[in-house]
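# Structural overview for review
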Amino acid sequence: MVKKIKYLFCAIVVMLVSHAYINRSENIIRYKWKHTNDVGSISGDFICFGNNSSYSYHWPVIKKDGGGCGVVLIRINRRMILFSLTDYNIGFYMDI
């Protein structure tokens, strides 16, 4: 039983470290993201980061005008899955 708990603990640590590496700020703010499903939208169809944008990313929270509007769950290649704090649903995004 103790051996299983050690393996579980190690797996959780590896997942957290890889999650932090995959969702680095540079990888998310580099793109414009288009919403691709019906629910889980932060606001509108696009998330754009940059100098003249109201969106910012502070791991793992996406903020709009200083207030949190979404939490990035995972980003793999050109896809991002996040939890929307505006409608409390899972949203899917793709970089464009």
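The structure we're discussing is the one just above.
This report concerns the structure included in the present document. The structure presented is a predicted model; accordingly, all values stated were derived computationally and were not measured.

Reading the values: the criteria
Residues numbered from 1 in each chain as written. Predicted model: local features only at pLDDT ≥ 70, side-chain atom pairs only at ≥ 80, totals over all residues. Heavy atoms only, no water. Pairing = 2+ DSSP bridges. Helix = DSSP H or I, 4+ residues; strand = E, 2+ residues; numbered from the N terminus. Axes fitted to C-alpha atoms, helices over the stretch in contact; angles between N-to-C directions.

Let's shift gears to the sheet that holds strand E2 (residues 46-48). Note: strands within a sheet are paired through backbone hydrogen bonds, in either parallel or antiparallel orientation. Reading across the sheet, the 7 strands line up as E2-E1-E7-E6-E5-E4-E3 and stay open at both edges, with antiparallel pairing between neighbours. Because the sheet does not close on itself, it has two edges, and the strands there are E2 and strand E3 (55-58). Taken pair by pair, the neighbouring strands of this sheet meet at an average axis angle of 30°, ignoring direction. As paired strands, strand E6 (residues 79-84) and strand E7 (residues 90-95) are joined by 5 bridges and run antiparallel to one another. Each bridged residue has a counterpart across the sheet, and for Met80 the counterpart in E7 is Tyr93.

Structurally, Asn27 is set in helix H2 (residues 25-29). Separated by 51 residues in the primary sequence, Asn27 and Arg78 have C-alpha atoms spaced 9.8 Å apart.

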